[in-house]
Amino acid sequence: METLLNDRYRVIRTLGSGGFGETFLAEDTQMPSNRRCVIKQLRPIQNNPQIYQLVQERFQREAAILEDLGGTSNQIPTLFAYFQSNGQFYLVQEWIEGDTLTAKVQEQGLLSESAVREILINLLPVLEQVHNQRIVHRDIKPDNIILRHRDHKAVLIDFGAVRESMGTVVNSQGLPTSSIVIGTPGYMPSEQAAGRPVYSSDLYSLGMTAIYLLTGKQPQELETDSRSGEIIWHRHALSISPTLAGVIDRAIAYHPRDRFATAREMLDALQFGPVAPTVPYNQPPVAPTVPYNQPPVAPTVPYNQPPVVNVQPPATLQNTVAVSPGSSNQPTHQNTAHKSGQKGILLGSLIAGGLIGSSIVIGFALNKSNQPIAESTPSSTELSTNSNDKNVPPSISSQQPIDSPVAQQTTPSVQEPVDSPVVQQTTSPVQQPVDSPVVQQTTPPVQQQPTSTQQQINRPSPEEAVEDYYQTINNGEYKEAWNLLSPSYQNNQRLHPKGYLSYIDWWGGQVENVDVEQVSLIENNSETATVNAQLRYLLKNGKQSSSSVSFFLLWDEGNSRWVITGAK
Ligand SMILES: Nc1ncnc2c1ncn2[C@@H]1O[C@H](COP(=O)(O)OP(=O)(O)OP(=O)(O)O)[C@@H](O)[C@H]1O
């Protein structure tokens, strides 16, 4: 049966379907040529009339930005129109006839160095324009770059901000903010995964894209150096020049300050090189970007996670995901990112590097299947996310993360709900979510670092941190609670196969309340702590269960809070 969207656009076929809705190729029946166009359907994450108005406003704002962008570069699809229908939002865009870079590699094999250089040289001026308009694309990857047939130019599609507007919620201060961050595991650097994208986040994604073109390897297929966290990719592209390798290395540096500051800088290095690579080309990637024991400044992520290498991710990990942003209202900014310091490097690399692949930050929603997300009972155990496991009551095991999602329909066993992570909100400077995901904000005020004495005085106890974590959940502040988990925990694919969506599916969808019946400190030093907690879950279906969980906490100096790095 013929579908006519908005009484105007005749759908020819579906191009794809993601977590936000479908994308159609259509023809415009109200144009003399019946010109073809791409219609992207977007569904708000929350089906809530109060939120709808906010989503609408934000959608309009972001669409206006897209219109501007399309008008300034012919390597960005023109926005023809936008409309709303049946509670859903639609963008009508120029159809770019061509092949995505993914399709190109799949069909023709690896690209040569000169082809990759040409693509980069072709795209970097576009990115420069985008960044000059204070916009971060947020989802650069081979799937989102189309080589246009007519002129062989690279066209950048699928800007993240409009999709991000679908995650608009009201924060605890009553202000609209986005509950999600858009990005693709492996292509998205850690600061973006934490909700603080900067311009060079796009350069990172472009660097990872170049690696894919040269090696055919998705980020998750690349190993990460266990000491430095750097991505090991040179061995898969031995014949490329030191100049290109150096440019890519610098683009994919874990820390934004080690990357090119601008797209223009990267372009110049590519054209006029050489640049000093973060890791000398051909040298075994042992040397970290910065010394591992360099004094950290406000780590945003724990650094003592076991390194992971060569994780084979599910194929879906190339998909764009929506992720809970960092709990910061602070605008995305490099100053903020600088605070991560060295501590963040290893973990970040784990994330950015490819570990990600399997675990990253992953978001949610965007599961391509339209199936409800399996949410596992949060338990220090993790509920398996295998389809076979979906109906199995989660059990607690040392391997199971606490708040893993699993679509669990059965009555939780006593061991089931365990849960989760931790961290304390009260003393941490609250990082506010960025208001407009699309527009890069200006420099946030630099947080003052408390003195060590102050820190000791103000530091909440680990037991309080665990209690506060559950209080946050009981208050329905799921995003805040999620941000109390370390990135590696958030990114645990086993526990959070759909990232934040898995998390809220469990906590918001199935758990009514959690009582922390008892907490006891097992171990505590200046950096880490272990807390045992006796938890009692009241589920929305009326069932109750109890479990005893050990939480592992890491003191996050920069944010003056404990974060949960694991549980069993
Ligand atoms: N303007 C465009 N011109 C041509 N093809 C496009 C355009 N926009 C998207 N496409 C193609 O349509 C297909 C689906 O696009 P879409 O952006 O929905 O991808 P997705 O990754 O499945 O969704 P999402 O990123 O929202 O989860 C992809 O193959 C993409 O290359």
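The rules we used
Per-chain numbering applies: the sequence of each chain, read as written, is numbered from 1 onward. Per-residue local features are limited, in this predicted model, to residues with pLDDT of at least 70; the limit for side-chain atom pairs, both in listing and counting, is 80 or more; totals at the level of whole chains, interfaces and linings are taken over all residues. Only heavy atoms go into the side-chain values, all of them from the structure, while hydrogens and water stay out. By salt bridge we mean one thing: a side-chain nitrogen of Lys or Arg within 4 Å of a carboxyl oxygen of Asp or Glu. Numbering of helices and strands starts at the N terminus; helices are DSSP runs of H or I of at least 4 residues and strands are runs of E of at least 2. Strand pairing is assigned whenever DSSP detects at least two bridges linking the two strands. Each residue after the first adds 1.5 Å to the expected span of a helix. Burial status follows relative accessibility: with a 1.4 Å probe on protein chains alone, a residue under 20% of its type maximum counts as buried, one over 50% as exposed, and anything between as partly exposed. To qualify as a nonpolar core, a set must consist of buried Ala, Val, Leu, Ile, Met, Phe, Trp, Tyr and Cys residues joined through side-chain atoms within 4.5 Å. The contact criterion used is simple: two residues touch if any of their non-hydrogen atoms lie within 4.5 Å. In summary, the pairing rule links any two rings of Phe, Tyr or Trp, Trp by its six-membered ring, whose centres are within 6.5 Å, and it sorts them by plane angle into stacked for under 30 degrees, edge-to-face for over 60 and tilted for everything else. A ring has a charge above it when a Lys NZ or an Arg CZ is no more than 6 Å from the ring centre and no more than 35 degrees off the ring normal.

- Labelled according to an unreviewed UniProt entry, the protein chain appears under the name non-specific serine/threonine protein kinase, originating from Nostoc paludosum FACHB-159.

### A closer look at the pattern of salt bridges
Part 1: What the rule picks out here adds up to 13 salt bridges.
Part 2: A salt bridge links Arg 259 to Glu 191; its shortest N-O distance comes to 2.8 Å. Taken together, the residues Arg 259 in the loop between α7 (242–251) and α8 (263–272) and Glu 191 in helix α5 (residues 190–193) connect sequence positions 68 residues apart.
Part 3: Look at the salt bridges and you will find they share partners, linking Lys 40, Asp 139, Asp 158 and Arg 163 into a network.

### Focus on the sheet that holds strand β3 (residues 21–28)
Part 1: Taken in spatial order, the 6 strands make up an open sheet running β1-β2-β3-β4-β6-β5, and their pairing is antiparallel. Two strands bound the open sheet, and with one partner strand each, they are β1 (4–5) and β5 (79–85).

### Quick word on helix α12 (residues 462–474)
Part 1: In a regular helix each residue adds 1.5 Å, so 13 residues correspond to 18 Å; α12 covers 19 Å between its end C-alpha atoms and thus fits that length.
Part 2: Taken residue by residue, α12 has Pro 462, Ala 465, Val 466, Asp 468, Tyr 469, Tyr 470, Thr 472 and Ile 473 as its buried positions.
Part 3: Within two residues after α12, Gly 476 carries a phi angle of roughly 80°, on the positive side.

### Quick look at the nonpolar core
If you look at soluble globular proteins, the nonpolar side chains tend to sit buried side by side.
Part 1: Leu 124, Leu 206 and Trp 233 are the most contacted members of the largest nonpolar core, which totals 62 residues.
Part 2: Considering each element in turn, this core owes the most residues, 9 residues, to helix α6 (residues 199–215).
Part 3: In contact with Leu 206, other than residues within four places in its own chain, are Leu 120, Leu 123, Leu 124, Leu 127, Ile 140, Ile 145 and Met 266.
Part 4: Counting residues in hydrophobic clusters, the runner-up holds 33 residues, among them Ala 481, Ala 533, Leu 553 and Trp 562.

### Observations regarding the packing of aromatic side chains
To describe a pair of aromatic rings, one takes the distance between the centres and the angle between the planes.
Part 1: Enumeration according to the criterion identifies 9 aromatic pairs in this entry.
Part 2: Ring geometry for Phe 59 against Phe 89: centres 4.8 Å apart, planes inclined by 55°, an arrangement best described as tilted. On the criterion of sequence distance, the pair formed by Phe 59 in helix α1 (residues 49–72) and Phe 89 in strand β6 (residues 88–94) is long-range, its members being 30 residues apart.
Part 3: The buried category is assigned to Phe 59, whose relative accessible area is 0%.
Part 4: Phe 89 sits in the buried class, given a relative accessible area of 0%.
Part 5: For the pair Tyr 470 and Trp 507, a centre-to-centre distance of 6.2 Å together with 70° between the ring planes defines the contact as edge-to-face. Placement of Tyr 470 in helix α12 and of Trp 507 in helix α15 (residues 500–509) is noted, with a sequence separation of 37 residues between them.
Part 6: Classification of Tyr 470 by relative accessible area gives buried; the value is 1%.
Part 7: Trp 507 gets classed as buried once you look at its relative accessible area, which sits at 0%.
Part 8: Aromatic ring contacts, followed pair by pair, group Tyr 469, Tyr 470, Trp 507, Tyr 537 and Phe 551 into a single cluster.
Part 9: Its guanidinium or amino end placed over the ring of Phe 80, Arg 35 lies 3.5 Å from that ring's centre, counting from NZ or CZ.

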